[in-house]
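Structural overview for review
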Amino acid sequence: MRVLGIETSCDETAVALVDNDQGALRVVTSLVSSQIDIHAKYGGIVPEVAARRHVDALFPLLEEAGIPHDGAGIDAIAVTAGPGLVPALRVGVEAAKALAWAWKKPLVGVNHLEGHLYSAWFSTPTPAFPSLALLVSGGHTELIFMKDHGRYELVGATRDDAAGEAFDKAGKLLGLPYPGGPKIDKLALDGDPSAIAFPRPMMESKDFDFSFSGLKTAVAVYVKQGGLGGQGLARVEDICASFQEAVVDVLVTKTIAAATRYRPASVLLSGGVAANETLRTRLGEAVAKALPGVTCHVPERAYATDNAAMIAAAGSFRATAKDFTDPLTLEADPNMRLAA
Ligand code: KG4
Ligand code: ZN
């Protein structure tokens, strides 16, 4: 089955073609057109600006991907239906509906978070079920127990800021351009992670929830007070490394604790923050040490941040299971939930 994927939930316009051959995935094309340069000027994403850019970018991107004008060879169209920014989501959903109608092909509305989970299916071996997923993006931080394709249980979630949001807010406090996550990752490589003892919120709590707003406040206070005890600010590399260490400690500790309780066959990392070098390494090491026999799956960086291949992948499994929405009733749903 060949699936066209379309993603416009946030600040990347993306188009992809993915083949699903009895569960084995192959990315035929995956194109991403980023709007980060525009939003960086505002220090964050402006929904109406994002939507206008999606309108301009989507059809040229479909052309560039070589999508046949009559839809020949495409078996289904998968599009991100939520969660995300409504004006942005609508561009992809309406375009996908129009193509599905014109080509008379099935339309599959995909949850963006489900898409992120499937970014781990582009590498082999693929995660075995049940799998415990740590999903860390700009808008979400969740632990999800994947029992099978399409069967998810929410194990824990952030009570305030998402991990990516914490990276971006800390970046802003340190005067780094938006988005702060990739910049902190890079600067931290030359920093000392033990330079500043930032808090590890909820790391020892008995549940599997997260909280990052206190950590962001700790960075704000540190910067405002000019360092600890009037000693002046540490090097920006040391602040980045220390902040990142706190986030990674919490994410890894909670994931291992949840895996110890839920006993999955595999652990997988997904979402934009899965591009983080330290998190990728530390989670792999922790799983190998604490969970013998459990495999750890980390997506290629290109598929960790927003893309349409992951949407096509998730859509291909839903289309195979014939578990999808009626094309003409599909609407963008900004609060779409993956699991209760
Ligand atoms: O999944 P994603 O591309 O979009 C959402 O669905 O939110 O995630 C974007 C988030 C941003 O907060 C960005 O700063 C963060 O992922 N991010 C990173 C890295 N690359 C992207 N955070 C830390 N280290 C990175 N290398
Ligand atoms: Zn995302």
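Residues numbered from 1 in each chain as written. Chains lettered and ligands numbered in written order. Predicted model: local features only at pLDDT ≥ 70, side-chain atom pairs only at ≥ 80, totals over all residues. Heavy atoms only, no water.

Counting secondary structure elements, the protein contains 11 helices and 10 strands. A compact globule built from 340 residues should have a C-alpha radius of gyration of about 20 Å, and the protein, at 20 Å, falls within 12% of that. Counting only C-alpha atoms and orienting by the principal axes, one finds that the protein spans roughly 65 × 45 × 30 Å. Residue burial in the protein is summarised as follows: out of 340 residues, 54% are buried. Accessible area of the protein: about 14,200 Å², with a carbon and sulfur share of 54%. Once the 31 positive and 39 negative side-chain charges of the protein are each reduced to a mean point, those two points are 3 Å apart. (Helix = DSSP H or I, 4+ residues; strand = E, 2+ residues; numbered from the N terminus. Rg over C-alpha atoms; globule rule 2.2 N^0.38 Å. Buried < 20%, exposed > 50% of the residue type's maximum accessible area, 1.4 Å probe, protein only. Areas by Shrake-Rupley, 256 points an atom, 1.4 Å probe, with all protein chains shown as cover. Lys, Arg positive; Asp, Glu negative; His and termini not counted. Charge placed at Lys NZ, Arg CZ, Asp CG, Glu CD.)

Close contacts around ligand 1 come from 19 residues, with H116, G138, D168, D185 and G272 the closest. Here an oxygen atom of ligand 1 and a backbone polar atom of G138 are 2.8 Å apart. G181 is positioned with one of its backbone polar atoms (N or O) 3.3 Å from an oxygen atom of ligand 1. For the shell around ligand 1, the secondary structure elements donating two or more residues are α4 (112–118), α5 (163–173) and α6 (180–188). Tallied by class, residues from the shell around ligand 1 come to five nonpolar, 11 polar and three charged. Shared between two domains, the shell around ligand 1 holds at least three residues of each, these being domain 1 (2–118 + 303–320) and domain 2 (128–298). (Near = heavy atom within 4 Å. Polar contact = N/O pair within 3.5 Å; in protein donor to acceptor, adjacent residues only side chain to side chain. Nonpolar A, V, L, I, M, F, W, Y, C, P; charged D, E, K, R; others polar. Domains from an automatic or database assignment.)

Since the α-helix turns once every 3.6 residues, residues separated by three or four places project in the same direction. Between the first and last C-alpha of helix α7 (residues 213–224) there are 16 Å, a value that for 12 residues agrees with the 16 Å anticipated at 1.5 Å per step. Listed as buried for α7 are L215, K216, A218, V219 and Y222. On an axial view of α7, the arc spanned by its buried residues comes to 155°, and they lie on one face. Looking at the packing, one finds that the buried side of α7 touches α5 and α8 (236–262). Following α7 by one or two positions, G226 adopts a phi angle in the positive range, close to 70°. (Expected span 1.5 Å × (residues − 1). Arc of directions from axis to C-beta. Contact = heavy atoms within 4.5 Å.)

When four donors bind a metal tetrahedrally, each ideal donor-metal-donor angle is 109.5 degrees, and when six bind octahedrally, the ideal angles are 90 or 180 degrees. Here the zinc ion (ligand 2) is held by H112 (NE2), H116 (NE2) and D306 (OD), and the distances to it run 2.0 to 2.1 Å. Donor residues for the zinc ion (ligand 2), ordered by position in the chain, follow H-x3-H-x189-D. With H116 in helix α4 and D306 in the loop between α10 (301–304) and α11 (309–320), this residue pair connects regions lying 190 residues apart in the sequence. This pair shows no difference in class: H116 is buried, exactly as D306 is. (Donors = N, O, S within 2.8 Å, 3.2 Å for Na, K, Ca; no water.)

This part takes up the nonpolar core. F198, F212, F243 and L251 are the most contacted members of the largest nonpolar core, which totals 49 residues. Residue assignment for this core shows that the elements contributing at least two residues are β6 (131–136), β7 (141–148), α5, α6, α7, α8, β9 (266–270) and α9 (277–290). It is α8 that provides the largest number of residues to this core, a total of 13 residues. Not counting chain neighbours up to four residues away, the residues in contact with F243 comprise A166, F167, A170, I184, F198, L215 and V219. Y152, A312, F317 and A319 belong to the second largest nonpolar core, which has 33 residues in total. (Core = buried A, V, L, I, M, F, W, Y, C linked by side-chain atoms within 4.5 Å.)

Looking now at the pattern of salt bridges. Considering all chains together, one arrives at 18 salt bridges under this definition. Between D207 and R159 there is a salt bridge, with its nearest N and O atoms 2.7 Å apart. Of the two residues, D207 is situated in the loop between α6 and α7 and R159 in the loop between β8 (151–157) and α5; the sequence distance between them amounts to 48 residues. Take D207: its relative accessible area is 28%, and that puts it in the partly exposed class. (Salt bridge = Lys/Arg side-chain N within 4 Å of Asp/Glu carboxyl O.)

Right, let's get into the domain arrangement of the protein. When its domains are assigned, the protein resolves into domain 1 (2–118 + 303–320) and domain 2 (128–298). Here the C-alpha centroids of domain 1 and domain 2 sit 27 Å apart. Taken together, the contact between domain 1 and domain 2 spans 15 residues of the former and 19 residues of the latter. For the domain 1 and domain 2 pair, buried surface summed over both sides reaches about 1,300 Å², with 72% attributable to carbon and sulfur atoms. Viewed at the interface, domain 2 and domain 1 are joined by zero salt bridges. The interface formed by domain 1 and domain 2 holds three residue pairs in polar contact (both at pLDDT 80 or more) in total. Elements with a contribution of two residues or more to the side of domain 1 that touches domain 2: α1 (36–40) and α4. Ranked by residue count, the leading element in the side of domain 1 that touches domain 2 is α4, at five residues. Of the residues belonging to the side of domain 1 that touches domain 2, the class tally is nine nonpolar, four polar and two charged. (Buried area = accessible area lost by both parts, 1.4 Å probe.)

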